[in-house]
Amino acid sequence: MSESWFSLSRADQAEALEVAASRTGRPAHLLEKDIWVVWALSAIYSSRLAEKLTFKGGTSLSKVYKIIDRFSEDIDLTYDIRELVPDLLQGGNPIPVSASQEKKITSAIRTRLPEWIARSIKPVLEDSLISSKAQAGFRVDGKDRQKLIIDYRAVKTGTGYAATSIQLEFGARATGEPNSRHTVDCDIAPVIEGVEFPVATPLVMAAERTFWEKATAAHVYCFQGRLRGERYSRHWYDLAAMAKTGHSAQAAGDHHLARAVAEQKSVFFAEEDANGFKVDYLKAVTSGLQLVPVGAALAALERDYNAMSEDGLLALHQPSFGEIMEKCRAIQDEVNHKAREGQWSRS
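Residues numbered from 1 in each chain as written. Predicted model: local features only at pLDDT ≥ 70, side-chain atom pairs only at ≥ 80, totals over all residues. Heavy atoms only, no water.

Enquirer: What is the right way to look at the packing of aromatic side chains in this model?
Expert: Two descriptors summarise a pair of aromatic rings, namely the distance from one centre to the other and the angle between the planes of the rings. If you walk through the whole model with that rule in mind, you get eleven aromatic pairs. Look at Tyr305 and Phe321: their rings are 5.8 Å apart centre to centre, the planes differ by 55°, and that puts the pair in the tilted class. Here Tyr305, found in helix H11 (residues 295–310), pairs with Phe321, found in helix H12 (residues 321–343); they are 16 residues apart in sequence, far enough to count as distant. Across the pair, Phe321 and Tyr305 agree in class, each one buried. Here a set of aromatic residues connected by ring pairs shows up, and it is made of Phe6, Trp36, Trp39 and Tyr152. (Phe/Tyr/Trp six-rings, centres within 6.5 Å; stacked < 30°, edge-to-face > 60°. Helix = DSSP H or I, 4+ residues; strand = E, 2+ residues; numbered from the N terminus. Buried < 20%, exposed > 50% of the residue type's maximum accessible area, 1.4 Å probe, protein only.)

Enquirer: How should I be thinking about the side chain of Lys33 in this particular structure?
Expert: Tracing the backbone through its elements, the reader meets Lys33 in helix H2 (residues 28–45). Taking the relative accessible area as the measure of exposure, Lys33 reaches 1% and is therefore buried. What Lys33 contacts, discounting residues up to four positions off in sequence, is Phe71, Glu73, Tyr152, Ala162, Ala163, Ser165 and Ile166. (Contact = heavy atoms within 4.5 Å.)

Enquirer: Which parts of the structure should I look at to understand the packing of helix H6 (residues 207–224) against helix H9 (residues 255–268)?
Expert: Any two packed helices are characterised by how steeply their axes cross, that is the angle between the axes, and by the distance between the axes. Orientation of H6 relative to H9, taken along the N-to-C sense of each, is 45°, at an axis distance of 10 Å. Viewed along their axes, H6 and H9 adopt a mutual orientation that is oblique. In this structure, H6 crosses over H9, and the sense of that crossing is right-handed. Within the contact between the two elements, H6 uses Glu208, Arg209, Trp212, Glu213, Thr216 and Ala217 and H9 uses Leu257, Ala258, Val261, Gln264 and Lys265. Residues that form the contact of H6 with H9 fall into these classes: five nonpolar, two polar and four charged. (Axes fitted to C-alpha atoms, helices over the stretch in contact; angles between N-to-C directions. Parallel < 35°, antiparallel > 145°, perpendicular 65-115°, else oblique. Left-handed = near helix turned anticlockwise from the far one by under 90°. Nonpolar A, V, L, I, M, F, W, Y, C, P; charged D, E, K, R; others polar.)

Enquirer: Looking at this model, I keep getting lost on the environment of Leu61. Mind explaining?
Expert: Counting through the fold element by element, Leu61 comes out in helix H3 (residues 58–63). C-alpha separation for the pair Leu61 and Val85, spaced 24 residues apart in sequence, amounts to 28 Å. Apart from the residues lying within four places of it in its own chain, the contact partners of Leu61 are Lys66, Ile67, Ile68, Ala207, Thr210, Lys214, Asp238 and Met242.

Enquirer: Would you mind going over the pattern of salt bridges with me for this structure?
Expert: A side chain of one charge can pair with a side chain of the opposite charge when the charged atoms of the two come close. On inspection of all chains with the given rule, the structure shows 14 salt bridges. Residue Arg82 pairs with Asp80 through a salt bridge whose shortest N-O separation is 2.8 Å. We classify Asp80 as buried; its relative accessible area is 11%. In this structure, Arg139 and Asp151 form a salt bridge, with 2.6 Å as the shortest nitrogen-oxygen distance. Residue Arg139 is located in strand E4 (residues 136–141), and its partner Asp151 is located in strand E5 (residues 147–152); the two are separated by twelve residues in the primary sequence. Taking relative accessible area as the criterion, Arg139 reaches 36% and is therefore assigned partly exposed. By relative accessible area, Asp151 is classed as partly exposed at 28%. Residues joined by salt bridges that share partners form a network here, namely Asp34, Lys63 and Asp187. (Salt bridge = Lys/Arg side-chain N within 4 Å of Asp/Glu carboxyl O.)

As structure tokens, then:
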């Protein structure tokens, strides 16, 4: 009978991580962190919350769709807006019909979401921690207290770029659709026998929507020319990887999905460029997408990419930063070319 990972001694865990690192080429500290990522997903999606949360972002591209060959350390989750603020939606429409309605919804989310995290998510994780006999602590973080941090007692550590914690970031300004159910395993599981590792079955956002969410985030960065925090270069890496698998081309051809992302971001995530003008998301998904920054913004992105690489978050034989930018320029040009050919319409 297999023994649970969390019942092993720290010495046995360290040995298993080193063996797995030699067999997979993955750093031991990231294999350990991956176990905690899957553990968190397993705890949430084994609970009554399983139908209300959608797992998305880079970690879903890595763990579910196998599109990217990098370690993605955060868990992005969308709590269906129709569950959190049903009283403020007109006819169940998740998109506000006016600026005043958007303000009411946003204000309610800022109040209700942290309360829901504390009331519903934290107890689920605490109960799972006890039943699995794992060792970790929890804390709420973020300006609006919409992040839950799991601080685990690490056996292995790296350069510090990847912290010994798991960040669960919650949003509630969308439905999380389109999505579907998938199975998620630990990266270490196939190479270590006789040990039972966490397994999760999350509801996962479609990769094509993730493409548009990342592309529009990169577009905003290009117009603002400033990093919105560390670990931001991952978006460009992911976009380039999605071009390889054909997901970017598929997303570019999904007129309805692209406009849905643009509409949602225009209302809930309005941004200004470096000159104070409003960023046009609709233009970004039709004929004016920009993915390659210039000057200091490009240099800052490259520094972040190199730091990510140095801590082992990228697998061996990965593209250079310059190659990533070349691929993103090709994506940008392809999307915009299709739009100019008349495959898109702003009407």
